[in-house]
Amino acid sequence: MKLKTDTILEVRFEHSKQQIDVPLSKLTDSMTAFLETYGNEQFCGGSFVEVINGGDGQTKFAALLAATGYEADPKGFFEVLLDAIGKSKGRNLTLNQIALPSRFLVALIEQVIPGHGYVSIKDTAQLEKVTNLDIPAAQRSDLQAVIERYPVRLSRHTIRQMMVSRDVAYQYMPFVEELESTGHTNTWIGQFHDGLLEQMYQNRVIFLLNMSCPVYCRFCFRKHKDTRNEKNPTLEGVAAAVSHVKNSPLIKEIVVTGGDPFMNRANMAATIDGLMDVPHVQTLRLATRCVSYYPDLFLDNESAYLKYLKQKNMELQQHGKRMELATHFIHPDEVSPESLDIITDLVKNGIAVYIQTPFLNDCNDKGPELVRLFGLLRGAGAELHYIYIPCSPIHGNSIYWKPLSDGIHMAFSLRANLSDRVIPRICTATPIGKMDWYTSGWAVEQVADNENFIWIRTPYTPEYFKNFAPIANELTNIRVNDEGTIDIQYMAKIGDKACLIGNRPRKTAPKNPAATGADVDRLKEELTTHSQAGASIVNTGIEGVSRLHETRVQISARAGEQQMAYIMADHRITDVVVAPDMDVDGAVDSVDALYDITRVIRQLRDIPHVNAVRLRSMKFANAPESYTRAVINTLGDLNHLSVVNPLRLEIETWFIRAQDVGKIHAKLVRRLNNKGITVYANVPLLGGVNDTDRAIHDLAYALREKGMEFHHLYVAGLPVQNRWNKNFPIDSYDVIDIATMVRREGSGREIPRYIILTPLGEVDYGLTSKFVKTGSEVKIELGCYDQSYYKTMDENFVFPEGIDMGTDGNPVVTVPGLIKTNDFPVS
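So, here's what we can say about the structure. (Residues numbered from 1 in each chain as written. Predicted model: local features only at pLDDT ≥ 70, side-chain atom pairs only at ≥ 80, totals over all residues. Heavy atoms only, no water.)

**Remarks on the sheet that holds strand β12 (residues 322–328)**
Spatial ordering of the open sheet is given by β7-β8-β9-β10-β11-β12-β13-β14-β15-β16, a layout of ten strands whose pairing is mixed. The open sheet has two edge strands, β7 (192–194) and β16 (433–436), and neither has a second partner. Pairwise comparison of adjacent strand axes, ignoring direction, gives a mean angle of 25° for this sheet. When strand β9 (residues 204–208) meets strand β10 (residues 253–257), the two strands line up parallel, connected through five bridges. Bridge pairing links Ile206 to Val255 in β10. Helix α27 (residues 732–745) contacts β9, β14 (383–388), β15 (425–430) and β16 of the sheet and is inclined by roughly 150° relative to β16. (Pairing = 2+ DSSP bridges. Helix = DSSP H or I, 4+ residues; strand = E, 2+ residues; numbered from the N terminus. Axes fitted to C-alpha atoms, helices over the stretch in contact; angles between N-to-C directions. Contact = heavy atoms within 4.5 Å.)

Here it is, written out as structure tokens:
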């Protein structure tokens, strides 16, 4: 349709008292371009895509106008939208019962209020003018007091998102409850601190390179930092911190943070260059939230900062080190094309990006928000690391707090509705360090006479802190339990009292005898020649398709039209595992079937809801020389990390012992990472082989050192375990000891998910499963699944013989090869 280029629309912003004129043609052209590129299920959701149908941008825009009642009337369409936005009614905006996606509306606002940078807010009048959000007269005085106590700063990018998303505004707009005194001023207690350097763990330190951020999150655990009003650290301070690291050989990782460290380019450069030659430093983890709330920092000046990071990462690699970027995303409305572009660009150039997510009351605490959020980030190449429960108990943060049990029970929704590679660890940051629920820690009991605090069992011991933070052992809010680890008082409501599970008794059962070298060789051969994924949890009705989960299927490299049609028909399927075929001589590895795999991956690219494909390869572990440059180049060409309709490629391999992970694996991982391909490892826990805390800690360290993601530690249920552990069973008590050591002695990025495989799918040890008392057999209840879950995949589904039902309607299954030697709930 042709439009007069001189048609001008007036946009009146009611609360900011501004009027902006914008050409109609500019709005039409920009929204047509948006729909052409981003008018898909990934960005706009399935129901909206059904409205706009297919075709190019003009066709989609015409369909949208017709569906909303403005056929061939773009002027009327935009007038209604802009009037609503001008009156601060742009959230959950619908026309003719058509819900308009927030990203569509943000793209519209970008044409009306363009620009980059950020704004420091000094008073309520300025806040109202900048955001056009209504500030009730009764709150102005208190809000002014908040602004004076806790700085308010907003990016132009975030302001546009806030206008159409309540869940974005909820994170950054000041609120009167911030004046409340409940909570702490500092959640970290007893850490070593010297200048810009902080240390809370033996093997990693924090460099605070900058004291301010471009945007201030209202829930930030550093919102009380006096340093926000101090001068930034100097280059001399950076040199002193680097010197400390050089003289501390136990330090393997540096977390570079602030404030936002990327706002201080000089200190960032001095840090990276200074640590480049420190031999024992393995990883630099650069922490920023700018990816979500200030992407301009990376994308301005022809992406100059991204180019700098990529160059420095290559230099670090030449010194045997790697760079990672840690960032926060809270809600799917924050995920912009710009933020996905940053993630994808970094990952394609060998810089891992991992996501941490605070769990916020009335924002991302229902389940679907997190499923949507993590799915968007997964396709871009991100690793999902932590969900923090609860939000930090800082002064003025109480509106964000949830009972601990709400966060713990969120695991049920995540396990049922997210692919296994997308599920983060549910973690709590106690005053002396992090713990992972029901593996390295748990809630013990209520603190006597104080309903606001509970005792949390942590994985840390008094001995752990002696060398770098002895003051931690002098705290009055800790106690040493019978296991020898520290319980600490933590400020939170427990919610469900069943989550208070008491103290664990000491172990009395003997360990398995050590396996022989010949036994280990046979087990490695069995891993190589037999699939370890388990059987299909439902009947798919299609030969060659195993349904491993709601979101995940397994196919062979010989898959054809029927298999693709099955995947295409179910929009919940996001991940496809391509497993080796079998021939007369045993397994054919994925690396040996690249011709067929190439064909399969090209077909999967035409299925928009599939955003990841994994190649199962034992040869990566056992015959790494098979991964020639030609093979890696072929795989790199197949990897399709992109902002729109990505199809991420990953390599899945399996290890048993630390000594099996070598330098050649590090070289191959680096080459694959530099093409955006992640390599992750699974490990079966085998009695007498690797079922000790030291064995798994050493393996976790070896995988991390070589650049592999440690994905699953299978406690029980794999075919190889069902056979071997029948005679050498795994003691559930040892699982907690393993998780305790890996958390205490290792990096947070080394920690696997502790998984039990059952005929009905995978569950998290202790978190989405619970032990059921049944005599000599060990049985677990699968808390995340019920019969309706399976019927959505197979309407004729019935539970297999031998499955019992729990009191809540969840299946109860027997777990072979696992023993339980006491009555404690999770060990």
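**Structural notes on the pairing of strand β36 (residues 811–814)**
Note that strand β34 (residues 779–782) and β36 share three bridges and pair antiparallel. Within β36, the position partnered with Lys779 by the bridge is Thr814. Sheet analysis places strand β35 (residues 804–805) next to β36, joined by two bridges and oriented antiparallel. Across the sheet, residue Met805 finds its bridge partner in β36, namely Pro811. Connecting β35 to the antiparallel partner β36 that follows it, the hairpin turn spans five residues, and Gly809 within it adopts a positive phi of roughly 85°.

**As for the packing of aromatic side chains**
Going through the model one piece at a time under the given rule, you end up with 37 aromatic pairs. Measuring from ring centre to ring centre gives 5.9 Å for Tyr785 and Tyr790, while their planes differ by 55°; the resulting arrangement is tilted. The pair formed by Tyr785 and Tyr790 is uniform in burial state, with each residue classed as buried. An aromatic cluster of at least three residues, connected via ring pairs, comprises Phe34, Tyr38, Phe43, Phe48, Phe61, Tyr70, Phe77, Phe78 and Phe104. If you follow Arg265 out to its NZ or CZ, it ends over the ring of Tyr308, 4.1 Å from the centre. For the cation-ring pair, Arg421 lies above Tyr680, with the distance from its terminal atom to the ring centre recorded as 4.4 Å. (Phe/Tyr/Trp six-rings, centres within 6.5 Å; stacked < 30°, edge-to-face > 60°. Buried < 20%, exposed > 50% of the residue type's maximum accessible area, 1.4 Å probe, protein only. Lys NZ or Arg CZ within 6 Å of the ring centre and 35° of its normal.)

**Side note on unusual backbone geometry**
Residue Gly259 is bonded to the preceding Gly258 through a cis peptide linkage, with omega at 25°. Within the secondary structure layout, Gly259 lies in the loop between β10 and α12 (265–275). Here the phi dihedral of Asn92 falls at roughly 55°; this positive angle occurs in a residue that is not glycine. Here Asn92 lies in the loop between α5 (74–86) and β3 (94–95). In this model, Glu302 sits at a positive phi of 55°, which is unusual for a non-glycine residue.

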